[in-house]
Structure formats: C-alpha cells, structure tokens
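If you want the building blocks of each chain, they are given just below.
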Amino acid sequence: MGIFSLLALPIKAPFDATIWLAHQVEEAALRELNDPVAIKRALAEAEARLEAGDMAEEEFEELEDALLEQLRAASALAKSP
C-alpha cells in the first residue's frame, strides 16, 4: 500500500463501505425477488385475499399474471449457468 493510499484511506473508506453495502442490499433484493418460495407465498396470499373478498377478481388476475411471469423468470434464471 503506497503512501497516497494511506493518506486517502480516511476519505475513501466510507465510500468503499457504502458501495459494498449497496451491493449487498442489491444481492439480497435479487435473491428475494427470484426466490420461488417467496413468489408462491405471494400467490397464495393473493388467493386468500381473493377468497376473503379483500381483492377484486381483475386485480387478482393482474397480480397472478405478474407473479407467474416472475416465477417463470426465476425458474429460467435458476436453470441458466
């Protein structure tokens, strides 16, 4: 580590930590977004809300289509190398 790196460390370290944290949050969000279990849970919750009368049929169909598309995308992502 050069002298300039040492001098810049107090200024650079907080930025590096912020970038690292942003990457960690992004990875966690993508894992959750592409988690088939979470998607299926959301679909089951939507079905329960529909059956309870808390959601209109049209709203359910839109949500169901979006969740099924998300599930297909997550499955395709899981199969890719």
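Below is a summary of the structure that appears in this document. The shown structure was predicted, so the numbers you read here are calculated from the model rather than taken from an experiment.

Conventions adopted
Residues numbered from 1 in each chain as written. Predicted model: local features only at pLDDT ≥ 70, side-chain atom pairs only at ≥ 80, totals over all residues. Heavy atoms only, no water. Salt bridge = Lys/Arg side-chain N within 4 Å of Asp/Glu carboxyl O. Helix = DSSP H or I, 4+ residues; strand = E, 2+ residues; numbered from the N terminus. Buried < 20%, exposed > 50% of the residue type's maximum accessible area, 1.4 Å probe, protein only. Core = buried A, V, L, I, M, F, W, Y, C linked by side-chain atoms within 4.5 Å. Contact = heavy atoms within 4.5 Å. Patch = residues over 30% accessible without salt bridge, like charges linked within 9 Å, V, L, I, M, F, W, Y side chains within 5 Å. Areas by Shrake-Rupley, 256 points an atom, 1.4 Å probe, with all protein chains shown as cover. Axes fitted to C-alpha atoms, helices over the stretch in contact; angles between N-to-C directions. Parallel < 35°, antiparallel > 145°, perpendicular 65-115°, else oblique. Nonpolar A, V, L, I, M, F, W, Y, C, P; charged D, E, K, R; others polar. Expected span 1.5 Å × (residues − 1). Bend = angle between axes of the 7 residues up to and from the residue.

## Focus: the pattern of salt bridges
Part 1: If you walk through the whole model with that rule in mind, you get 2 salt bridges.
Part 2: Its salt-bridge partner being aspartate 16, residue lysine 12 comes within 2.9 Å of it at the nearest N-O pair. Taken together, the residues lysine 12 and aspartate 16, both in helix H1 (residues 3-33) and 4 residues apart, mark about one turn of the helix.
Part 3: Using a relative accessible area of 47% as the deciding quantity, one classes lysine 12 as partly exposed.

## Comments concerning the nonpolar core
Part 1: With 5 residues, the main nonpolar core is built from Ile39, Leu43, Leu67, Leu71 and Ala74.
Part 2: Elements represented by at least two residues in this core include exactly helix H2 (36-52) and helix H3 (57-79).
Part 3: Broken down by element, this core gets its largest block of residues, 3 residues, from H3.
Part 4: Once residues lying within four places of it in the same chain are set aside, the contact partners of isoleucine 39 are Leu33, Asn34, Leu67, Gln70, Leu71 and Ala74.

## A short note on a nonpolar patch on the surface
Part 1: Taken together, Ile3, Phe4, Leu6 and Leu7 make up a surface patch of nonpolar side chains, about 490 Å² in accessible area.
Part 2: Mapped onto the elements of the fold, isoleucine 3 is located in helix H1.
Part 3: For isoleucine 3, a relative accessible area of 55% gives the class exposed.

## Considering the packing of H2 against H3
Part 1: Between H2 and H3, the shortest axis-to-axis distance is 10 Å and the interhelical angle comes to 170 degrees. The orientation of H2 with respect to H3, classified from their angle, is roughly antiparallel. Touching Pro36, Ile39, Lys40, Ala42, Leu43, Ala46, Glu47, Arg49 and Leu50 of H2 are Glu57, Glu59, Phe60, Leu63, Glu64, Leu67, Leu68, Gln70, Leu71 and Ala74, all from H3.
Part 2: Grouping the amino acids of the contact of H2 with H3 by side-chain chemistry returns 12 nonpolar, 1 polar and 6 charged.

## Thoughts on the environment of leucine 33
Part 1: Checked against the element boundaries, leucine 33 lands in helix H1.
Part 2: Overall, the relative accessible area of 43% leaves leucine 33 in the partly exposed class.
Part 3: Taking the C-alpha atoms as reference points, leucine 33 and glutamine 70, separated by 37 residues in sequence, lie 8.2 Å from one another.
Part 4: Those residues in contact with leucine 33 that lie beyond four places of it in its chain are Ile39 and Gln70.

## Re H1
Part 1: In this model H1 runs 43 Å from its N-terminal to its C-terminal C-alpha over 31 residues, within 8% of the 45 Å that 1.5 Å per residue would give.
Part 2: For H1, the principal kink sits at leucine 9 and spans about 65 degrees; a proline, proline 10, occurs within the next four residues.

The values reported here are purely geometric and, on their own, carry no functional implication.
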